[in-house]
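A structural walkthrough
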Amino acid sequence: MRFSNLEAEIARTGLSVEEVGKELGFTKCTIYNRLGCRSNWTLNDMLKVQKFINDRTQSKLTLDYLFAQGD
């Protein structure tokens, strides 16, 4: 399972996954492991991602939407 909504919203920021991770203080390995469900997101990190995406895209996306797991 993956975080398809989160990946789509990252794409909408106009930045690569690596660039978003760097902006948020995550290593390339960490961001890919979390997106691929190989390691867990902390609530603090989820909130940081949510704020970054909402600020960058002028949205009001919820954690439930961003971190819904799909195929």
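One structure accompanies this document, and this report is about it. None of the values given here were measured: they were computed from a predicted structure.

1. Some details on the overall build of the chain
For the chain, the count of helices and strands is five helices and zero strands. Ordered by position from N to C terminus, the α and β elements of the chain give α-α-α-α-α. Relative to the compact-globule value of 11 Å for 71 residues, the chain shows a C-alpha radius of gyration of 11 Å, a close match. Relative to all contacts within the chain whose residues are 6 or more apart in sequence, the contacts with residues 24 or more apart total 60%. Charge centroids of the chain, computed over 10 positive and 9 negative side chains, lie 3 Å from each other.

2. Let's talk about the environment of Ser59
Its location among the elements puts Ser59 in the loop between helix H4 (43-57) and helix H5 (63-66). Each C-alpha atom of the pair Ser59 and Glu9 lies 9.9 Å from the other, and the pair is 50 residues apart in sequence. A polar contact of 2.9 Å, which involves the side chain of Ser59, links it to the side chain of Thr57.

3. Regarding the nonpolar core
Core analysis: the biggest nonpolar cluster contains 18 residues, and Leu6, Ile10, Leu35, Trp41, Val49, Ile53 and Phe67 have the highest contact counts within it. Contributions of two or more residues to this core are made by helix H1 (4-12), helix H2 (17-24), helix H3 (28-35) and H4. The leading source of residues in this core is H4, at four residues. Dropping the residues within four chain positions of it, Phe67 is found in contact with Phe3, Leu6, Trp41, Met46 and Val49.

4. Looking at the packing of H2 against H3
Think of two packed helices as two axes; the pair is described by the angle between the axes and how far apart they sit. Following both chains from N to C, one finds H2 and H3 inclined at 110°, their axes separated by 9 Å at the closest point. Comparing the axis directions of H2 and H3 gives the class roughly perpendicular. Of the two elements, H2 crosses H3, and the hand of that crossing is right-handed. Side by side, H2 and H3 meet where Val17, Glu18 and Gly21 of the first sit next to Lys28, Ile31, Tyr32 and Leu35 of the second.

5. So, the side chain of Asp45
Examined against the element boundaries, Asp45 turns out to sit in helix H4. When neighbours within four sequence positions are excluded, Asp45 is seen to be in contact with Phe26 and Arg34.

6. Some details on the packing of H2 against H4
Contact pair H2 / H4: the axes reach a minimum separation of 11 Å and the direction vectors enclose 115°. For H2 against H4, the interelement crossing comes out right-handed. Across from Val20, Glu23 and Leu24 in H2, the residues of H4 making contact are Lys48, Val49 and Phe52. Considering only residue class, the contact of H2 with H4 consists of four nonpolar, no polar and two charged.

Thresholds, definitions, all that
- Residues numbered from 1 in each chain as written.
- Predicted model: local features only at pLDDT ≥ 70, side-chain atom pairs only at ≥ 80, totals over all residues.
- Heavy atoms only, no water.
- Helix = DSSP H or I, 4+ residues; strand = E, 2+ residues; numbered from the N terminus.
- Rg over C-alpha atoms; globule rule 2.2 N^0.38 Å.
- Contact = heavy atoms within 4.5 Å.
- Lys, Arg positive; Asp, Glu negative; His and termini not counted.
- Charge placed at Lys NZ, Arg CZ, Asp CG, Glu CD.
- Polar contact = N/O pair within 3.5 Å; in protein donor to acceptor, adjacent residues only side chain to side chain.
- Core = buried A, V, L, I, M, F, W, Y, C linked by side-chain atoms within 4.5 Å.
- Buried < 20%, exposed > 50% of the residue type's maximum accessible area, 1.4 Å probe, protein only.
- Axes fitted to C-alpha atoms, helices over the stretch in contact; angles between N-to-C directions.
- Parallel < 35°, antiparallel > 145°, perpendicular 65-115°, else oblique.
- Left-handed = near helix turned anticlockwise from the far one by under 90°.
- Nonpolar A, V, L, I, M, F, W, Y, C, P; charged D, E, K, R; others polar.

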